[in-house]
Number of protein chains: 2
Amino acid sequence: MGALRLSSLSLVRPTFSPLRRLAPLSGGRATSSAASTHSIAKEAEAVTAGDGKASASPLLECAVTPRSVDFSKWYLNVIDKAELADYGPVSGTMVIRPYGYAIWEAIQDYLNVKFKETGHSNMYFPQLIPYSFIEKEASHVEGFSPELAVVTIGGGKELEEKLVVRPTSETIVNHMFTQWIHSYRDLPLMINQWANVTRWEMRTKPFVRTLEFLWQEGHTAHATFEEAEKEALQMINVYKDFAYEQAAVPVITGRKSKAETFAGATCTYTIEAMMGDKRALQAGTSHNLGQNFSHAFKTQFMDENGERQHVWQTSWAVSTRFVGGIIMTHGDDTGLMLPPRIAPIQVVIVPIWNKSDEKTSVLEAVATVHNILKEAGIRVKVDDSEQRKPGWKFNFWEMKGVPLRLEIGPRDVTKKSVVVSRRDVPGKPGKEFGVSMEASILVNHVKLRLEEIQAALLQRAISFRDCNIVDVSSYGELKEAIAEGKWARGPWSASDAEELKVKEETTATLRCFPFEQPEGEKKCFMTGKPAEEVAIFAKSY
Amino acid sequence: MGALRLSSLSLVRPTFSPLRRLAPLSGGRATSSAASTHSIAKEAEAVTAGDGKASASPLLECAVTPRSVDFSKWYLNVIDKAELADYGPVSGTMVIRPYGYAIWEAIQDYLNVKFKETGHSNMYFPQLIPYSFIEKEASHVEGFSPELAVVTIGGGKELEEKLVVRPTSETIVNHMFTQWIHSYRDLPLMINQWANVTRWEMRTKPFVRTLEFLWQEGHTAHATFEEAEKEALQMINVYKDFAYEQAAVPVITGRKSKAETFAGATCTYTIEAMMGDKRALQAGTSHNLGQNFSHAFKTQFMDENGERQHVWQTSWAVSTRFVGGIIMTHGDDTGLMLPPRIAPIQVVIVPIWNKSDEKTSVLEAVATVHNILKEAGIRVKVDDSEQRKPGWKFNFWEMKGVPLRLEIGPRDVTKKSVVVSRRDVPGKPGKEFGVSMEASILVNHVKLRLEEIQAALLQRAISFRDCNIVDVSSYGELKEAIAEGKWARGPWSASDAEELKVKEETTATLRCFPFEQPEGEKKCFMTGKPAEEVAIFAKSY
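Because the structure is predicted, anything quoted here is derived from the model rather than measured.

### A few points about the overall build of chain A
Counting its regular elements, chain A contains 16 helices and 25 strands. A total of 541 residues make up chain A; the buried ones form 61% of that total. A separation of at least 24 residues holds for 70% of the contacts in chain A among residues at least 6 apart in sequence. Of the roughly 21000 Å² that chain A leaves accessible, carbon and sulfur atoms contribute 50%.

### Some details on the relation of the copies chain B and chain A
For the pair of chain copies, the relating operation is a rotation around an axis with a shift along it. If you rotate chain B by 180 degrees and push it 0.0 Å along the axis, it lands on chain A with an RMSD of 0.0 Å. The two molecules are tied by a two-fold rotation axis, judged by turn and shift. The rotation axis passes nearest to the C-alpha of Val151 of chain B in chain B, at a distance of 2.1 Å. A shared interface surface links the copies, since 100% of the contact residues of chain B are contact residues in chain A too.

### Section: the interface of chain B and chain A
Across the contact, 67 residues belong to chain B and 67 residues belong to chain A. Buried surface at the junction of chain B and chain A, summed over both partners, amounts to about 5400 Å²; 63% is from carbon and sulfur atoms. The interface formed by chain B and chain A holds two salt bridges in total. Note that Lys116 of chain A is salt-bridged to Glu105 of chain B, the shortest N-O span being 3.3 Å.

### Comments concerning the environment of Ser315 of chain B
Residue and element names in this part refer to chain B. Relative to the helices and strands, Ser315 resides in strand 14 (residues 312–319). Since its relative accessible area comes to 1%, Ser315 is described here as buried. With 19 residues separating them along the chain, Ser315 and Thr334 place their C-alpha atoms 38 Å apart. Ser315 has contacts with Glu170, Gly218, His219, Ser286, His287 and Leu289, leaving out every residue within four places of it along the chain. One polar contact links Ser315 to Glu170, side chain to side chain, over a distance of 2.7 Å.

### A word on the environment of Ala138 of chain B
Locating Ala138 of chain B in the fold gives a position in helix 6 (residues 138–144). Once the C-alpha coordinates of Ala138 of chain B and Pro410 of chain B are considered, the two residues, 272 residues apart in sequence, prove to be 71 Å apart.

Cut-offs and rules
- Residues numbered from 1 in each chain as written.
- Chains lettered and ligands numbered in written order.
- Predicted model: local features only at pLDDT ≥ 70, side-chain atom pairs only at ≥ 80, totals over all residues.
- Heavy atoms only, no water.
- Helix = DSSP H or I, 4+ residues; strand = E, 2+ residues; numbered from the N terminus.
- Buried < 20%, exposed > 50% of the residue type's maximum accessible area, 1.4 Å probe, protein only.
- Contact = heavy atoms within 4.5 Å.
- Areas by Shrake-Rupley, 256 points an atom, 1.4 Å probe, with all protein chains shown as cover.
- Least-squares fit on C-alpha atoms with pLDDT ≥ 70 in both.
- Buried area = accessible area lost by both parts, 1.4 Å probe.
- Salt bridge = Lys/Arg side-chain N within 4 Å of Asp/Glu carboxyl O.
- Polar contact = N/O pair within 3.5 Å; in protein donor to acceptor, adjacent residues only side chain to side chain.

Purely geometric stuff here, so don't read any function into it on its own.
Here you go:
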């Protein structure tokens, strides 16, 4: 049995898709050339074959490209090998596979409850929007018109008015709100929808930026600016809490600069996450829309004094992009690493036997342990397939990022104990032998370990983030920090033009003015003039 | 207090949308004339204004059109006044409002668990499908091409290949299955997706037939015909169980005729429900696709003998149409009537007081009862708004179909009891006075009543259905039954041409060959030749 308990790093991994042929690497550019069978696996294989470094080691031949060698290739490898997603036939689209979708479901389950607790109702708006709607709000059309998918034929006929496949729903929501809102008594109106949206993106990347993606979009209407502002802040905090407490992603919450504000909003709040390659990922946004859309769509109400007023609005969204954020925050060279609270499988049990006479007793013990954990509400899976050896299974479930593995062999059965291995602590230090099978002991032990892993993942990500944010007091320092791939944080009160200059010269963008601000007087690192706030600049996805 | 407890029929109802103007009645025809503010309320008002019978009674002026006067108008009235849905700006589209969406969520919650229990995983496929995919399966393209919405412009450019907004996903699913399935070990592959689909329907009706609708579509691949057949039957039974046990809709399960089989399937199973106007509603289908799509898309696997075989497939779907089925099965002239198991609100509590000194004690008691029921897992709502009188609230929540109403007034507080009213039993017979507020007594009482209502709704629908199915043994008898608006059931072994003749002459279609068949020898009522099965014919939605 001991021989089977090799560290996963010394095992040769088979490729998971032996039938897939090598294909030329595609840049993932969205075009209309359809019907390709371009797969993430093929892209990853092409990558490995063409990369001397990655294929030099027999180990790496079949595992993922190390993060340090090429983070993008590592990301695609993990998505393929952990079976999270695949490319759709239309370039830029993505098929979300069951394991990837289960992570999205965990995100949905948490947020859906929070949205209802904070007074929102789910509903559903049609995805086809008259083209003229998009044109009603000036900055909205400017922001979205280059990205639209347009339906021009319906039921075999050319349409009189072209229809847009929703890129977001502010316009159609306002069209309906205008019909439903009459009096101050109809306010606040607070709704949410879970939906697909389509944006014709040119540079796509699975989960992070795809031609179609899944999201929730909240839309609210209020009687006053203050109420809308409170709502916009409330929702960005709901997202922040989700990120920290469930996904163990230590986002930085803040306000977007004018240049980076949502097309049609007066103010955008954001949660920004640092990925494993130190790039920033905008992981969720909440907009105070002011009265921009209510003016465009004449969404008015009679106030308590009988005066007609335009409503104040918000909208806020989190999308399947967050799944990409989780992968890129926690994953390592062994594959995906999932925080227990959102892991579709929290514990995998791998039975181990050599001789067939050991099998019955091992499988009996496995079934008992499985039931004990399941009844305790732990998401547990038994991998008792006989086609694969335990070592293969260890690697496979590590690739899938399952937080905890239990191994049960004949000796464990005799001792009425199990071996427990943590995904986040490789090798011996992460392994515990002789953990009792007795129900209450085992359940407590597993629950404790899961909580420890949850906390450890968050702590590790916080340390990583904080080590990679540099406080800068000059443009030179910013350039240096960005050149090192880090985030730069410094006082900022310069112009939009100077913000653009930073972007053009460093490719870093102003991610946000963080809510948490240092005390004391500040001078803009660009202009030397007084600044009220520090801003964070970083390269981003 | 007694005066406030009038039967709802004697109260004048205010219109719910006083600001809406009268608009010409639209047939709900799907066109591309967008940006209308055509609402269900307007349609309903136009109906009422133009209908001497309906506006003759002061009661009906503000309530719904009676079912017996005009079932279609009644249906639109209920959808409007119970706030279930509204028309979208593009003709033929529908906005599902929070209360209507909550019914859909109840359907999702139940089915989602059943799908997982039966071994299916959720995932997500892109909605944009290359036009060429649709053309690969001959009968599929024939069935769907007249209904397609086509994207021809993306990111500001004319696309090289037109893209179809999915009307269903068999083609794209098979494209991906072909990449994922290699060996018999990859089978069965059993997935489901919750998604929106778009079909350019010409005659639309909220929930029942809309240009875009929400549904789940299951897709499975198997090694043998028998396995696929077993799966197709399993899923139609999951739907049947949902219909009976949750929605209290006593569907008839059966097999479609060749003419009515899904475009691309070898066999379609269906659940057919009888609506309140005796029309049939196809409420869910499950298809044995045979090898039609696997041949078209070359979806093959290596069997245990090393031979390449085409997979055998199924697909099955239930949509937001089912919400329409629930409305039309249980609703009455007072509005919607919801089976407790799928009711978003199972119990509404209406506090009643006349003098302000009664208010505190009444609201305290209401809060206590609210908590007691909530903690018992009952979906309960308090309507303590002071803008409306209790009588108005009674009507409103009856319109919304809430199964049980609790009334609590000063006398109830003194007696530590509540008044309980059943939605399904109007007037005095449905009212119980003096039901104890004591937690365990009240909870048991409420739970018992909810179960009784659930059972009563099902029983009533079964009786209605069985009274309106006529066994026929000649074409003349069929014509008579159909002319009376009933369903006709009789032995059938005639040709497709004769089936078409029935449709053309009576507008009734062959709904299904029911699984439950009478014993004994049968002679086709059309041809007099021997028949193996009876079939059901009916007018349908």
